[in-house]
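Summary of structural features
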Amino acid sequence: MTIETIYIARHGYRMNWVNDDWQSVTGLPRDPPLAEYGLSQAQELADYFLSLPEEERPTIMLSSPYYRCLQTAVPTAQKLGLPLYVEHGLSEWYSPVAPGTGLHPRPASAAELRTYFPEIDESWQSIYYPSRKGEDVEQVHDRANGFLRALIPYIEHKFGGKHKRVLLVSHAATVIALTHELIGDRNLPLRVGCCTLTELQRKPGETELIGAWERKRLADGSHLKDGATREWGLEDIIVRDGKVINDTGLPGTENAADSPVGLQVDLLPPEVLAHV
């Protein structure tokens, strides 16, 4: 059995958008939790999935390790009775760090995050890590491409073809890049709101992994009481002289190692590596 449907959701409304005095629950910088409104959106997302016929619901879900994404994913995991897998390949997009300013933050392991979210299943090891040096627009698409080429066959192999429908919970830029790669169009205009949902189905008879999916809905907010909110698109990125403006790294990480990075090939069997 192969994966037939991929759902992709963005996290809910962030606390730092309504309160400048927010605190990181995990202590990780740049990792705001959801606002109350975002928590309500996460419940609405879960209620939507629960309302679907059983044969349309996701049977496996993976989330970015950032707190807001895990908060978004937990209600669905609880209502559908699914384990929650943490995958760094779904992490936030950061623009490239300015030289000499250090590295971007990286969330903790699944084992550590399980302290906050007991729904997390530690048996899943992340198969991809983005560079803490940040990414330009092309690089976040390349990350999505490499990640998906491994993820889809890995799920099929690891679980013996058990899962036909997958839910990924991530961030706006990453959601856009994943969608672009699955559809096969990096120029597709797309703006993604909080807790909106993208649904893609594999084209009949298609054996390719990239560009092999049909759009059923794109960043749709019809399951949310207030519809799509706080929409974001790649056109919102600040660019100067044709390049993404650099960001600053975290103080104290100037000499830190940027590791691990990229596809974790040691975790993948030959049957999966044949696709990447």
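Notes on the structure follow. (Residues numbered from 1 in each chain as written. Predicted model: local features only at pLDDT ≥ 70, side-chain atom pairs only at ≥ 80, totals over all residues. Heavy atoms only, no water.)

**A look at the sheet that holds strand 7 (residues 197-202)**
Condition: At least two DSSP bridges between two strands are needed for those strands to be called paired. Per the convention used, a helix needs a DSSP run of H or I reaching at least four residues, while a strand needs a run of E reaching at least two, with both numbered from the N terminus. Axis definition: a line fitted to C-alpha atoms, limited for helices to the stretch in contact. Angles are taken between N-to-C directions and run from 0 to 180 degrees. In this analysis, two residues are considered to be in contact whenever any of their non-hydrogen atoms come within 4.5 Å of each other.
With mixed pairing, six strands are arranged side by side in an open sheet as 3-2-5-1-7-8. The open sheet terminates on both sides in strands that have one partner only, identified here as strand 3 (84-86) and strand 8 (213-220). The mean angle between the axes of side-by-side strands here comes to 20°, regardless of whether they run parallel or antiparallel. Together, strand 1 (5-10), strand 2 (60-63), strand 5 (165-170), strand 7 and strand 8 form the strand contacts of helix 4 (residues 137-158), whose direction differs from that of strand 2 by roughly 140°.

**Topic: the nonpolar core**
Test applied: Nine residue types can take part in a nonpolar core, namely buried Ala, Val, Leu, Ile, Met, Phe, Trp, Tyr and Cys, and a core is a set of them joined through side-chain atoms within 4.5 Å. Remark: exposure states derive from per-residue accessible area (1.4 Å probe, protein chains only) relative to the maximum for the residue type, with buried under 20%, exposed over 50%, and partly exposed in between.
Judged by nonpolar contacts, the single largest core of 43 residues is most densely connected at Leu-62 and Leu-168. When residues of this core are traced back to their parent elements, those giving at least two are strand 1, strand 2, helix 4, strand 5, helix 5 (172-183) and strand 8. At nine residues, the largest contribution of residues to this core is made by helix 4. Apart from residues lying up to four places away in sequence, Leu-62 is in contact with Tyr-85, Glu-87, Leu-90, Trp-124, Leu-151, Ile-155, Val-166, Leu-167, Leu-168 and Val-169. With 24 residues, the next largest nonpolar core counts Phe-49, Leu-52, Ala-73 and Leu-82 among its residues.

**Topic: the packing of aromatic side chains**
Counted only if it meets this: Stacked, edge-to-face and tilted are the three classes for Phe, Tyr and Trp ring pairs, Trp counted by its six-membered ring, which pair at centre distances within 6.5 Å; planes under 30 degrees apart are stacked, over 60 edge-to-face, the rest tilted. We call a charge positioned over a ring when the NZ of a Lys or the CZ of an Arg lies within 6 Å of the ring centre and within 35 degrees of the ring normal.
Summed over the entire model, instances satisfying the criterion amount to 13 aromatic pairs. Ring geometry for Tyr-13 and Trp-17: centres 5.0 Å apart, planes at 80°, overall edge-to-face. You can call Tyr-13 buried: its relative accessible area is 16%. Each member of the aromatic cluster is reached from another via a ring pair, and the members are Tyr-85, Trp-124, Tyr-154 and Phe-159. Directly above the aromatic system of Phe-159 lies the positively charged group of Lys-158, at a separation of 5.8 Å from the ring centroid. Positioned over the ring face of Trp-17 is Arg-230, at 4.3 Å from the centre of the ring.

Geometry only, nothing functional implied.
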